[in-house]
Amino acid sequence: MAALRIAIANQKGGTGKTTLTVNLAAGFHRRGATVLLDADPQGSAAHWARLGEAGDDLPPVRSVDAETVGAGVARAARASRYVLVDCPPHLQSAALQRVMGAVDLVLIPVLPSPLDLWASVGMTAAVQDARRGNSRLRAYLVLNQIDRRNALSGAMREALAEFEVPALANGMTRRAAFRSAALEGRSVYGLGSRGANAARDVEAIIEEVTGL
Ligand SMILES: Nc1ncnc2c1ncn2[C@@H]1O[C@H](COP(=O)(O)OP(=O)(O)OP(=O)(O)O)[C@@H](O)[C@H]1O
Ligand SMILES: [Mg+2]
């Protein structure tokens with residue numbers, strides 16, 4: 001079966017790309033052979049994985065150059081069932097196009113406020129450009145840092161409805177476990193009961209994505 005290739009990208013910084021990538025990678029790793037490609041020269045995902053004790057929580061993480069990411073994805077896809085690519089913020093548009101040309105699905109984490117969402121609007125045009133060369137590319141926003149106590153504001157729902165890229169029904173709630181996991185070099189699955197609710201968020205995203 002062909003590998004499922006997913007890029008996690010947003011040119012806006014700090015929206016949860018690395019958090020989503022590492023935890024999705026851990027969830028996919030429990031299902032089948034997975035590789036996480038770290039295309040961020042800051043190496044956050046690679047650093048995260050190095051912090052952890054050697055164990056089976058996280059899949060192998062390889063650093064890739066945004067210039068040659070297409071070849072890196074193709075190589076990883078030959079030997080694995082799931083390939084995830086963590087992208088840096090402020091990725092040059094040519095490099096972003098190369099990443100989106102090499103995957104089946106791009107997930108775009110966004111923070112749940114209209115202003116933050118509009119700061120990601122450039123991704124819509126980037127997805128449309130990428131579809132000229134990769135007509136099967138699917139793209140979804142993933143809401144991150146959702147406040148468990150409050151429903152999404154009306155303004156946020158309106159902003160989402162106007163966005164041309166649809167949002168997944170499932171997102172990541174704001175939870176201390178997502179931060180603890182990063183500090184401990186594990187995924188939320190690796191935190192055991194402390195990470196159970198966060199792992200449920202991630203499982204719901206995986207089930208939605210694999211059922212698309
Ligand atoms: N759902 C969440 N709950 C709590 N904290 C979160 C959540 N998602 C992300 N964070 C925290 O928010 C910060 C930014 O997240 P992260 O580093 O994943 O974003 P990023 O988009 O990869 O950033 P960059 O653009 O710098 O690569 C981190 O401190 C992370 O631990
Ligand atoms: Mg990051």
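Placed above this text is the structure.
All of these numbers come straight from a predicted model, not from anything done at the bench.

What counts as what
Residues numbered from 1 in each chain as written. Chains lettered and ligands numbered in written order. Predicted model: local features only at pLDDT ≥ 70, side-chain atom pairs only at ≥ 80, totals over all residues. Heavy atoms only, no water. Buried < 20%, exposed > 50% of the residue type's maximum accessible area, 1.4 Å probe, protein only. Helix = DSSP H or I, 4+ residues; strand = E, 2+ residues; numbered from the N terminus. Pairing = 2+ DSSP bridges. Axes fitted to C-alpha atoms, helices over the stretch in contact; angles between N-to-C directions. Parallel < 35°, antiparallel > 145°, perpendicular 65-115°, else oblique. Left-handed = near helix turned anticlockwise from the far one by under 90°. Contact = heavy atoms within 4.5 Å. Nonpolar A, V, L, I, M, F, W, Y, C, P; charged D, E, K, R; others polar. Salt bridge = Lys/Arg side-chain N within 4 Å of Asp/Glu carboxyl O. Near = heavy atom within 4 Å. Polar contact = N/O pair within 3.5 Å; in protein donor to acceptor, adjacent residues only side chain to side chain. Areas by Shrake-Rupley, 256 points an atom, 1.4 Å probe, with all protein chains shown as cover. 1 Å grid on protein atoms, 1.4 Å probe; cavity = no way out; pocket = protein on both sides within 12 Å on 5 of 7 lines; lining within 4 Å. Sits in = over half its atoms within 2 Å of the grid points.

A. Region of interest: the pairing of strand 2 (residues 34–38). Burial within strand 2 is extensive, with five of its five residues counted as buried. Burial along strand 2 is two-sided: the face carrying Thr34, Leu36 and Asp38 and the face carrying Val35 and Leu37 are both buried. Sheet analysis places strand 2 next to strand 4 (residues 82–86), joined by five bridges and oriented parallel. Among the inter-strand pairings, leucine 36 is bridged to a residue of strand 4, identified as leucine 84. Pairing of strand 2 with strand 3 (residues 61–63), which is carried by three bridges, proceeds in the parallel orientation. Across the sheet, residue aspartate 38 finds its bridge partner in strand 3, namely serine 63.

B. Up close: the packing of helix 4 (residues 93–101) against helix 6 (residues 122–133). Relative orientation of the contacting elements helix 4 and helix 6 amounts to 55°, with a least axis distance of 9 Å. Regarding the angle of helix 4 to helix 6, the classification is oblique. Helix 4 and helix 6 meet at a crossing whose hand is right-handed. Residue-level contacts link Leu96, Gln97 and Met100 of helix 4 to Met123, Ala126, Val127, Asp129 and Ala130 of helix 6. In terms of residue class, the contact of helix 4 with helix 6 is built from six nonpolar, one polar and one charged.

C. Up close: the pattern of salt bridges. In the structure shown here, the tally under the stated rule is ten salt bridges. Put simply, arginine 31 and glutamate 207 hold a salt bridge, and the shortest N to O gap is 3.8 Å. Placement of the pair is arginine 31 in the loop between helix 1 (17–29) and strand 2 and glutamate 207 in helix 9 (residues 196–210), with a sequence separation of 176 residues. Measuring nitrogen to oxygen at the nearest pair gives 3.5 Å for the salt bridge that ties glutamate 184 to arginine 186.

D. Inspection of the site of ligand 1 at higher detail. In the neighbourhood of ligand 1, 16 residues make up the surrounding shell, with Gly14, Lys17, Thr18, Thr19 and Asn144 lying closest. One of the side-chain nitrogen or oxygen atoms of lysine 17 is found 2.8 Å away from an oxygen atom of ligand 1. A distance of 2.9 Å separates a nitrogen atom of ligand 1 from a polar atom in the backbone of threonine 173. A total of 630 Å² of accessible area belongs to ligand 1 in isolation, and the protein chains cover 80% of it. Of all the cavities here, the one that holds ligand 1 is the largest pocket. Those elements that place two or more of their residues in the shell around ligand 1 are helix 1 and helix 8 (176–184). Looking at the shell around ligand 1 residue by residue, the class counts come to two nonpolar, nine polar and five charged.

These figures capture arrangement, not role.
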